[in-house]
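Single-letter residue listing:
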Amino acid sequence: MANPLRGEVIKLYKNLLYIGREYPKGSAYFRERLKSAFMKNKDVTDPEKIKKLLARGDFVIKELEALYFLRKYRAMKQRYYEQDK
Amino acid sequence: MSGRVLVGVKRVIDYAVKIRVKPDNSGVVTDGVKHSMNPFCEIAVEEAVKLKEKKLIKEVVAVSCGPQQSQETIRTALAMGADRGIHVEVTGKDYENLGPLQVSKILAALAKKEDAQLVILGKQAIDDDCNQTGQMTAALLDWPQGTFASEVALEADKIKVVREIDGGLETIKVNTPAVLTADLRLNTPRYATLPNIMKAKKKKIANVKPADLGVDLTSRLEVLRVEEPPQRQAGVKVETVDDLVGKLKEAGRI
């Protein structure tokens with residue numbers, strides 16, 4: 001039951017939950033998806049597989065950060081800079 | 001050289017929030033509205049932190065003027081990598097009247113007090129769009145300024161700044177100490193992740209009152225009216241080409 005990677009998984013979940021608060025479609029939408037994604041893999045016990053899933057989670061965080069940055073950058077560019085072709 | 005950089009961060013209404021004007025036209029609704037750090041201030045913080053990571057400077061100090069909630073903005077700056085914060089507490093009426101001149105007076109006083117080598121600010125805030133604080137701070141300190149920076153390079157005792165100007169770029173060299181303001185393309189600010197926010201809670205935020213700095217906050221500006229931009233007129237559907245031509249003639253387009 002007490003998997004040594006348990007703490008890591010919870011930490012990842014918390015980090016994702018935090019970053020999801022800014023999700024464009026709303027934090028409730030994000031939370032639902034996040035939970036189902038974690039629940040889908042709840043029976044995984046192989047440490048190698050868990051590590052792979054953790055890496056995937058970290059990748060998702062990186063992607064979300066990039067998404068937020070791009071969204072903000074585009075909004076600023078549209079508001080403050082003339083559109084030049 | 002002290003190697004200390006002062007970064008100004010402003011707490012503004014989040015860029016993604018739809019702004020509503022108060023019914024009495026005295027300002028915009030701020031209660032219960034999501035606030036975050038001004039995007040241009042994020043770029044300024046990132047630049048300071050990058051300079052520190054390259055070991056070109058020693059300390060990054062984040063400053064914000066405003067009510068208690070401004071500390072959250074400072075916390076975000078600390079999570080992004082600033083070393084410590086200074087919260088200049090301005091509340092109530094003073095906060096409503098707080099404009100670029102008052103803030104630049106505070107920043108100039110702090111820059112002297114902290115013996116800063118550089119002051120980095122965002123080029124403008126997305127709420128009042130003033131684009132004045134950096135320029136005024138430089139004027140009050142009588143320091144050179146590099147505004148709308150899209151590239152900054154420290155060279156011995158000089159700073160090379162590439163500025164975004166109408167229709168191109170301008171490269172200038174300024175002496176230190178100096179005031180820089182960040183433009184959009186200067187860098188890509190990092191995200192303040194949860195672990196970093198937690199770590200930032202250990203960093204110190206000093207509380208300062210404007211009076212301690214000997215700054216007078218009286219404003220010479222009076223806001224008369226705040227209005228929403230005109231609404232876009234609804235379009236009309238036409239059935240036939242003749243209708244369309246008729247309508248266009250009516251509108252004087254053809």
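The structure presented is a predicted model; accordingly, all values stated were derived computationally and were not measured.

This part covers the interface of chain A and chain B. When the parts of a complex come together, some accessible area is lost, and that lost area is often taken as the interface size. Opposite the 17 residues of chain A that make contact, chain B presents 23 residues. Carbon and sulfur atoms make up 61% of the surface buried where chain A meets chain B, a total of about 1,900 Å² over both sides. Area buried by chain A at its contact with chain B is led by A:Tyr18, A:Tyr80 and A:Tyr81, which between them contribute 34% of it. Run the count over chain A and chain B and you get 1 salt bridge. Where chain A meets chain B, there are 8 residue pairs in polar contact (both at pLDDT 80 or more). Mapped onto the side of chain A that touches chain B, the elements with two or more residues apiece are α1 (6-19) and α3 (47-80) of chain A. When residues of the side of chain A that touches chain B are assigned to their parent elements, the largest contribution, 11 residues, is made by α3(A).

This next bit is on the pairing of strand β1 (residues 4-8) of chain B. All names here are of chain B. Counted residue by residue, β1 has 4 buried out of 5 residues, so it is predominantly covered. Relative to strand β4 (residues 59-66), β1 runs parallel, the two being bridged by 5 bridges. Counterpart to Val5 in the pairing with β4 is Val60. Bridge analysis of β1 against strand β6 (residues 118-122) gives 3 bridges, and the strand direction is parallel. When the sheet's bridge partners are listed, Val5 is paired in β6 with Leu118.

Conventions used here
- Residues numbered from 1 in each chain as written.
- Chains lettered and ligands numbered in written order.
- Predicted model: local features only at pLDDT ≥ 70, side-chain atom pairs only at ≥ 80, totals over all residues.
- Heavy atoms only, no water.
- Contact = heavy atoms within 4.5 Å.
- Buried area = accessible area lost by both parts, 1.4 Å probe.
- Salt bridge = Lys/Arg side-chain N within 4 Å of Asp/Glu carboxyl O.
- Polar contact = N/O pair within 3.5 Å; in protein donor to acceptor, adjacent residues only side chain to side chain.
- Helix = DSSP H or I, 4+ residues; strand = E, 2+ residues; numbered from the N terminus.
- Buried < 20%, exposed > 50% of the residue type's maximum accessible area, 1.4 Å probe, protein only.
- Pairing = 2+ DSSP bridges.

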